[in-house]
Every structure is written in C-alpha cells, then in structure tokens.
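Structural overview for review
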Amino acid sequence: MTVFDTPILAEQNQLNDARPRPEATTEIHHDAPRKLSIWRVSDFLSMAGALAAALSATTLIFTVLAPFGGAIGFIAIAYILFLLTYALLVSFDETWPVVRDRVFSVLVHSLAVIVFATLVFIVVFSIVRGIDALPHLNFFTEDMSLAGPLDPLTKGGIIHAIYGTLMQISIALVITIPLGLTTAVFLNEVPGAFSRFVRTIVEAMTALPSIVAGLFIYATFILILGLDKSGFAASLAITVMMLPIMIRASDVVLRLVPSTLKEASIGLGADKFNTMWKVTLPTARSGLVTAIILATARGIGETSPVLLTSGFTAAMNFDPFHGPMVSLPLAVFQFVKSPEPSMVARGFGTAAVLMLVVVILFLVARFIGGDTVAKKEARKAQRRAVFSGLKRASLAVAHGVTSLADKASQRTTSRNIASSQPYSKETN
Amino acid sequence: MSVDIPRKLQGASDPVDIVYRGVARSGGIIVLAIMLAIGVFLGARAWQAISQAGFSFLTTQAWEPDAGNFGIAAVLIGTILIATVAVCFALPMALGTALYISEYAPLKIKRTLISLVDLMAAIPSVVYGLWGFFSLQGSIVPVARWISANFGWIPIFAVDGYDPADPLSTTTVFTSSTFIAGIVVALMITPIMTSIMREVFSQAPIGEREGALGLGATRWGMIRSVILPFGVGGVIGGTMLGLGRALGETIAVYMIISPVFVIQPHILQNGASSISSLIALKYGEASSFGMSALMAAGLTLFVVTLIVNFGASAIVSRSRSGASS
C-alpha cells in the first residue's frame, strides 16, 4: 500500500482548486482569497480529546499507579499517550495514510517547538540570570581590578572585557578582511590547479577545531618566540579560526555573481582588474559584508582559542601587544568558575552583553544581506526624488556599469551600448 | 579549405592585470602558507610525542606525558561518545525543525524562523555551557536516574555506585556526565544541521511536489516520497558537519564534565572526557614534551574532524540535491 492509494477529502487538498464551490459564487465579486486552511471541526475535536485523555491518564499514572517524579517525565509520558490516543481517534474516521500524515504532522510540529523553545530559553535564561548585574551602571564603566569576589554588584564591571573583545576582533578583522577577500578573489578569478589546491586546503581548515587554533598560536608565539600572552596573540588565534570561514563564505558569494555581468564588462574593453573592482565586488557587496559579519560573530563568541592565548586579568589593559587582555567570553568563563553568587551574576551579565553584541552584528548582517538589488534601486529612486539635482554626479559613480563604461577605452562605442541600459539614464 | 586551427585563448596581458593576478595569487599563497604551517607545525611538534609513545599512543588510557605514560584511548573514545550522544539528540530535532520550516511553517513566519536558526548558530558556545551547567543539569538528573533504574541492564546505561532499590542513594553520580555534555552539544549543533537540511529540502523540485500532491498524496506522503529521497544527501551531510562540530567543541563540554582519563563507557555516570577539554585542562602546566603530547592529541582531533568533514562534503556534492550547489 503506497501513500498515493487513498483519495483525500477536498478540504485537505490545498491544490485542488478546480472543483466548483457553490458558496464561492456569492463571494466572487469581493475577490476574497479562498481559505487554504485544512482544519475541520473534527480535527480540533480529536486533538482536544486526545489531549484531555493523555493528561488525565498521565495524572492517574503519576498519582496512583506508579511513583514517577519530575516534570520532564510527566511531559514525556503525556506526550506518548497523546500521540497514541490521537492516532486512535483519527483512525476512527480516516484511512491509514491520513492517520500517518496526522501523527507525523504532530511529531514534526512538536520537534520544531522543542527546538525553538529550548533555543529561546537558553538565550532568555542567561539574560534573566544576568539581570541582577545589568542595571548597575558601574558594570559597564569599571573593570574588576578593585572588586574582590565578595564585593557586591555595585562594584566592578566588565569595561576591560568589552574593550578587549573590541580590540581583539578589530586586529583580527584588519588581518582577515584583506587576506580573506583577496584569497576569495584569487579562487574565483585565477582558475587552475593551484587555486583548486588552495580551495581544498581552505575547506579542510574549516574543520580545524578552535582549540587547536589556540594551541597552535600558544605553541608558536608564546612558547617558541617567547612573547607574552597578549591580546595580539588572541587576535592571531581568532584570525586563524575566522580566515577559512570567511574565505569559504566569500568564495560562494563571488561565485554567485552572474558571469554575464563580467562578460559584458570585459566585452566593453575593461581589463580583469577593473571588472573585479567595479563589477564583481560591487555586485557581491552585500553578500561579502554578510560573510564578514557572520565570521565576526563566530570570532567574537569563541572562548577556547582565547583561553589559551590571551591570559587572564581583572584590570584594564589598553596595550594589545603586552600583558594579558581579557575578552567577553573568557570573562564569562572565569566569572562562573567562582562559587560566589555575585561573581556568577556578573558572569551571566557578561554573557548577556556578549549575546547582545552577537545579535546586533547578526541583525546588521541580515539588514545588509537581505538587501536585494530591487530594494536598493527603490531606495535610490527615493533618494533621487529628494535630492535629484545634487545626487546626479555621485549616482553615476555608484553605478558600476556606468562608470566602467566611461573608463573603457573605446569611449564612444561603449557610451552607445551603455546608454541603452536603464542604469545609465542619468548620465545622458 | 584550410584546417581550422583553434584560436589561442590567451588574452592580451595588460600590465594592470599582471599586477592584479600577482596580488590575488600572493593572497592565496599567504593563506596557503598559514594553513600548511598549522598542519606541518602540528605534525612536527606532535611527532616527538608520537614517536616516543609509538602505537601505545592510541591504546593507553592515561595522561602523564612526563612519566612517559600517555595515550588518547580514553579521551578519544570520550570525545566520540559525547559526539554520538549529541548527534542522537540533534538528528531528530534538526530533521523535524528543517521539515517544519520548509514544509509546514506558514509563509508569514518562515523567514523569521530561518533567521532565528541562523542566529542560534552564532550564539557563543559559552552561553550554551552556562545553560547546561546552571539549568539543564538539575532537571536532567531525574531523567538519567530513571533511565539508569529501568534500562541499567544495557551496559552503556549502567551506573556504578547507584542502587535503585535504595531510596537514600546519592544522585550526584549522575552529574557531569557524557549524557549531559552530549545534550548541550546537541543543542549547539542543531542550528547548523537544521540550516543545511532546510536548504536542501527547499530545493526539492516544485514539479515533483505538486505531482505527488496532485496524485492524492497527503502532506507526509509527499515528504516521504519526494522531499526525503531528494534531501537524503543533505540530511547525511548536515549530520556529519554537525558531528564534526560536536567533536571539536571545547568550552561547553569543559564547563560540564568532570574529567576522567579512563574509558568511561557508562554515559549516564559522573566523569567524561574529550580531547579538546583535555587540551584546555592541561596546556597551562605542560612541559615541552607535554606540549608535544597535547599537540599529538590536537592533531588526532583535527584528523578525525577532517575525515568527517570531507566525508560530509563528498556526500552532499554527490547527492542529487547537492549537485547543483
């Protein structure tokens, strides 16, 4: 028996629009969209019935029959009973494939609910536990050098860790962005056996466990070269970890640039460099920014490479090259190791700040990454309407194709071709 | 009629392009040098320890490098156990969530859910560790006790030093176990697995979906006959990528387990181990030779994750769904 055997009731089939519906004729002039909901009263009834049966049976089991304990046990048993009863109830009215459909629908929905509820709970949990520390202004303006483990939350703060995180990620980005983007460009623009080899190695390195990246920097910079544990060493460890992630993401983004755009540019007489600089990179810009920001979010949150390389300090250290410099994840890790409740509260507060930073970065990435060409054009049109006179010149520069056409060697020809494209209207 | 000699495809080499290619290539060379340096350096430093320990490096269950008695048997198996527990929990959760987002979720919240999953993949591991240590541990211990009391006859669920018949027996033997660390790691890898699986499911051809529905399949029938066969490569590949992450996870595991250096096959019992937490635990006090031994452990971990990741990408790219991407 296959899943296709049984015809399904018309209400269930979303795509079955061909059948004329008598009541639809009266509404037709309203153009009301047909309701695609597949729920019927009997569905609600069987679900409610199964829920009631499962809850009462579980309560009976827990209170009378067997001395189980714990909320998780209750929910688990109630859930299994609910599934069984629900399948039984549905099987009274429906055929076997429909019963299977209903049961799996419940399963998929509940798995999704469990995952999202747990993940949201994890975030909310650390924010709620950190709420004790967060309202104190000193938490954001002082370091921990004068605050002992027994001091109340009105003393000490995490400004040193915030500064450390910003410093370390900035150094890491200064190295990673140019190197990563150049390599991604190399992988796309200079094809051959060598770039395939580099791509394979980079993909292999995305598997590098972050603690091993930290161990590498620890063994080279600190043990062999004899340098201090410092913010710079931590930045290098983060760099080693972020570089493959960023190269891989930007490589994918650059590959998505339509080759017709590049061919048009080369056909207009531009060289490879100008094609890359004025066509490929601007087209892929939002994707590249997303790649950078997502790699940054990963880099900021990593604890293990920093744990090995940056050292730990309770005081502010402005110099990334000398002396230990603590970052937010490492501060969380150190705070919650303490048995003192105020230190644990500081740890949760720090975690909340760290998460806030990650979420902000992520939202920025979403905002930029979600920018489609159409949206961008709409915004530009709006701006054009407001500052139409002033913006004309700069817009011409902003459009890669147009400005490229201007620079191409055969000026007149390219101008003629470019002017047939809607982009370059304002130059003519 | 003259013979058609293929035209040479060599473009005129502009001086700008020569410089540009040179810069791009040098970027590639620098990255390659860094990456190879890590591999070579790890290998070279690890060699000292591996050559001294020989084959016993893989079979010894202890970590006393300065006494010459060290090996990764216990920590490697501990790592694999934690990762296995994690994948056992994460696979159904990720599969269900991915199916929900791609097949069941209303269009209005679909984009939000996708963003939420991606955001969760970026949440720092130390936050998951906090949750595992301060919240999960307390509520999961009764479950572990129940499993042990009822399924203790299965060897991996057995717990030494706990007698279900004795109501006063302590439950601390159930804390800091492989099981709890595995659940925390499971939640860390669920988002990345979900995101890969959802991506693959959403590529299932619309014609085949509509064909199944048009032939009268239920929604689950359509999923069974179209979506899952189409996306099976993505499911396996995503799971293996999650496994690779789980193997290398450090901080959350380090916060939860209490380290032991013997093989601990009882996943519910206090005491677990993993290579990455071994490194985090021992690097500070390691001598030069101890460092070499830690490098060897790190190298082993790297090789294992490398094999898993390459396997994953091979499966994804060979499957029908991955061929286009």
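What counts and how
Residues numbered from 1 in each chain as written. Chains lettered and ligands numbered in written order. Predicted model: local features only at pLDDT ≥ 70, side-chain atom pairs only at ≥ 80, totals over all residues. Heavy atoms only, no water. Helix = DSSP H or I, 4+ residues; strand = E, 2+ residues; numbered from the N terminus. Buried < 20%, exposed > 50% of the residue type's maximum accessible area, 1.4 Å probe, protein only. Contact = heavy atoms within 4.5 Å. Areas by Shrake-Rupley, 256 points an atom, 1.4 Å probe, with all protein chains shown as cover. Axes fitted to C-alpha atoms, helices over the stretch in contact; angles between N-to-C directions. Parallel < 35°, antiparallel > 145°, perpendicular 65-115°, else oblique. Left-handed = near helix turned anticlockwise from the far one by under 90°. Nonpolar A, V, L, I, M, F, W, Y, C, P; charged D, E, K, R; others polar. Buried area = accessible area lost by both parts, 1.4 Å probe. Salt bridge = Lys/Arg side-chain N within 4 Å of Asp/Glu carboxyl O. Polar contact = N/O pair within 3.5 Å; in protein donor to acceptor, adjacent residues only side chain to side chain. Expected span 1.5 Å × (residues − 1). pLDDT = per-residue confidence, 0-100. Phe/Tyr/Trp six-rings, centres within 6.5 Å; stacked < 30°, edge-to-face > 60°. Patch = residues over 30% accessible without salt bridge, like charges linked within 9 Å, V, L, I, M, F, W, Y side chains within 5 Å. Bend = angle between axes of the 7 residues up to and from the residue. Core = buried A, V, L, I, M, F, W, Y, C linked by side-chain atoms within 4.5 Å. Domains from an automatic or database assignment.

1. Quick look at the overall build of chain A
Summing up its helical and strand segments, chain A has 19 helices and zero strands in all. Counting all 428 residues of chain A, 45% fall into the buried class. For chain A, long-range pairs separated by at least 24 residues make up 67% of all intrachain contacts whose partners lie at least 6 apart in sequence. Accessible surface, chain A as shown: approximately 21200 Å² in total, 69% of it carbon and sulfur.

2. A closer look at the overall build of chain B
For chain B, the helix and strand inventory stands at 10 helices and two strands. Listed N to C, the secondary structure of chain B is α-β-β-α-α-α-α-α-α-α-α-α in terms of helices and strands. A total of 325 residues make up chain B; the buried ones form 54% of that total. Working note: accessible area of chain B is about 13900 Å², and carbon and sulfur atoms make up 66% of it.

3. So, the environment of A:P244
Take A:P244: it is sitting in helix 9 (residues 231-255). On the basis of relative accessible area, A:P244 is assigned to the buried category, the value being 1%. Apart from the residues within four sequence positions on either side, A:P244 is in contact with A:V202, A:M205, A:T206 and B:M35.

4. What about the environment of A:A147?
Residue and element names in this part refer to chain A. Take A147: it is sitting in the loop between helix 5 (138-141) and helix 6 (159-189). According to the relative accessible area criterion, A147 is buried, its value standing at 13%. Measuring from C-alpha to C-alpha, the distance between A147 and A315 comes to 9.9 Å, with 168 residues separating the pair along the chain. Excluding its chain neighbours within four sequence positions, the residues that come into contact with A147 are K155 and G156.

5. Description of the packing of helix 3 (residues 107-122) of chain B against helix 5 (residues 178-202) of chain B
Residue and element names in this part refer to chain B. The N-to-C vectors of helix 3 and helix 5 enclose an angle of 140°; their axes lie 8 Å apart at closest approach. Relative to helix 5, helix 3 is oriented oblique. Seen along the crossing, helix 3 lies across helix 5 with a hand that is left-handed. Between helix 3, through I114, V117, D118, M120 and A121, and helix 5, the contact on the second element is made entirely by P191, I192, T194, S195 and R198. For the contact of helix 3 with helix 5, the per-class residue count stands at six nonpolar, two polar and two charged.

6. Comments concerning the interface of chain B and chain A
Chain B puts 90 residues into the contact, and the matching count from chain A is 89 residues. Three residues stand out in chain B for area buried against chain A, namely B:Y20, B:M35 and B:Y283, and they jointly supply 9% of the buried area on that side. Here chain B and chain A share zero salt bridges between them. Where chain B touches chain A, the interface holds seven residue pairs in polar contact (both at pLDDT 80 or more).

7. Looking at helix 2 (residues 41-65) of chain A
Residues and elements named next belong to chain A. Here helix 2 is 25 residues long and its end C-alpha atoms lie 34 Å apart, about the 36 Å a rise of 1.5 Å per residue gives. Three or more residues of helix 2 are buried, namely D43, S46, A50, A54, T58 and F62. Buried-residue contacts for helix 2 involve helix 3 (71-93) and helix 4 (96-130).

8. Regarding unusual backbone geometry
Generally, phi is negative for residues other than glycine and the peptide bonds are trans, each holding for most cases. All names here are of chain B. Even without glycine at this site, S176 takes up a positive phi of about 50°. Structurally, S176 can be placed in the loop between helix 4 (125-151) and helix 5. Take S176: its relative accessible area is 12%, and that puts it in the buried class.

9. Comments concerning the confidence of the model for chain A
All names here are of chain A. When the pLDDT values of chain A are averaged, the result is 79; 79% of them are 70 or greater. Highest mean pLDDT in chain A belongs to helix 6 (91); lowest belongs to helix 19 (residues 411-419) (42). Ignoring residues within four places in sequence, the model shows residues 1-27, a span with pLDDT below 50, making 40 contacts including any to other chains.

10. Side note on the packing of aromatic side chains
The geometry of an aromatic ring pair is captured by the separation of the ring centres together with the interplanar angle, meaning the angle of the planes. Under the criterion given, the structure shown has 21 aromatic pairs over all chains. Seen in terms of ring centroids, B:F57 and B:F70 are 6.0 Å apart; in terms of plane orientation they differ by 70°. Their pairing is edge-to-face. One end of the pair, B:F57, is in the loop between helix 1 (15-53) and strand 1 (63-64); the other, B:F70, is in strand 2 (residues 69-70), and 13 residues separate them in sequence. Each of the two residues, B:F57 as well as B:F70, counts as buried. Relative to B:F134, the ring of B:F133 has its centre 5.0 Å away and its plane inclined at 85°; by these criteria the two rings are edge-to-face. Among the aromatic residues, those joined into a ring-pair cluster are A:F121, A:F125, A:F348, B:F133 and B:F134.

11. Brief notes about the pattern of salt bridges
Using the criterion set out here, one finds seven salt bridges over all chains in the structure. The partner of A:R199 in a salt bridge is A:D251, and the shortest N-O contact between them spans 3.0 Å. With a gap of 52 residues between them, A:R199 in helix 7 (residues 193-205) and A:D251 in helix 9 connect regions that are remote in the sequence. Classification of A:R199 as partly exposed rests on a relative accessible area of 22%. We note a salt bridge from B:R209 to B:E103, for which the minimum N-O separation is 3.0 Å. With B:R209 in helix 6 (residues 206-214) and B:E103 in helix 2 (residues 73-104), this pair connects stretches of sequence that are 106 residues apart. For B:R209, a relative accessible area of 11% puts it in the buried group.

12. Points about the side chain of A:S210
With respect to the element layout, A:S210 can be found in helix 8 (residues 210-224). Leaving out residues up to four positions away in the same chain, A:S210 has contacts with A:M241, A:E302, A:S304 and A:P305.

13. With respect to a nonpolar patch on the surface
Together, A:F194, A:F197, B:I29, B:L36 and B:V40 make up an exposed nonpolar region whose accessible area comes to about 420 Å². Broken down by secondary-structure element, the contributors of at least two residues to the nonpolar patch are helix 7 of chain A together with helix 1 of chain B. With three residues, helix 1 of chain B is the single largest residue contributor to the nonpolar patch. Among the structural elements, A:F197 can be located in helix 7. Exposure remark for A:F197: the relative accessible area of 40% places this residue in the partly exposed category.

14. Observations concerning helix 6 of chain A
Helix length check: helix 6 of chain A (31 residues) gives 44 Å between terminal C-alpha atoms against 45 Å at 1.5 Å per residue, within 8%. The largest bend in helix 6 of chain A comes to about 30°, at A:T176, with the proline A:P178 one to four residues further on.

15. Comments concerning the nonpolar core
Where a protein is soluble and globular, its nonpolar side chains tend to be buried together. Judged by nonpolar contacts, the single largest core of 175 residues is most densely connected at B:W63, B:Y128, B:F179 and B:I189. In this structure, this core is formed jointly by two domains, domain 1 (1-130) and domain 2 (159-369) of chain A, each of which donates at least three residues. Setting aside chain neighbours within four positions, we find B:I189 in contact with B:A86, B:V87, B:A90, B:G242, B:R245 and B:A246. If you look at the next biggest cluster of nonpolar residues, it comprises 10 residues, including A:A50, A:V90, A:V99 and A:V103.

16. Concerning the packing of helix 6 of chain B against helix 7 (residues 219-248) of chain B
All names here are of chain B. Where helix 6 contacts helix 7, the axes come no closer than 9 Å and their chain directions differ by 150°. Relative to helix 7, the element helix 6 lies roughly antiparallel. For the element pair helix 6 and helix 7, the recorded crossing hand is right-handed. Residues E208, R209, A212 and L213 of helix 6 touch helix 7, and the partners they reach there are M222, S225, V226 and I227. The residue makeup of the contact of helix 6 with helix 7, split by class, is five nonpolar, one polar and two charged.

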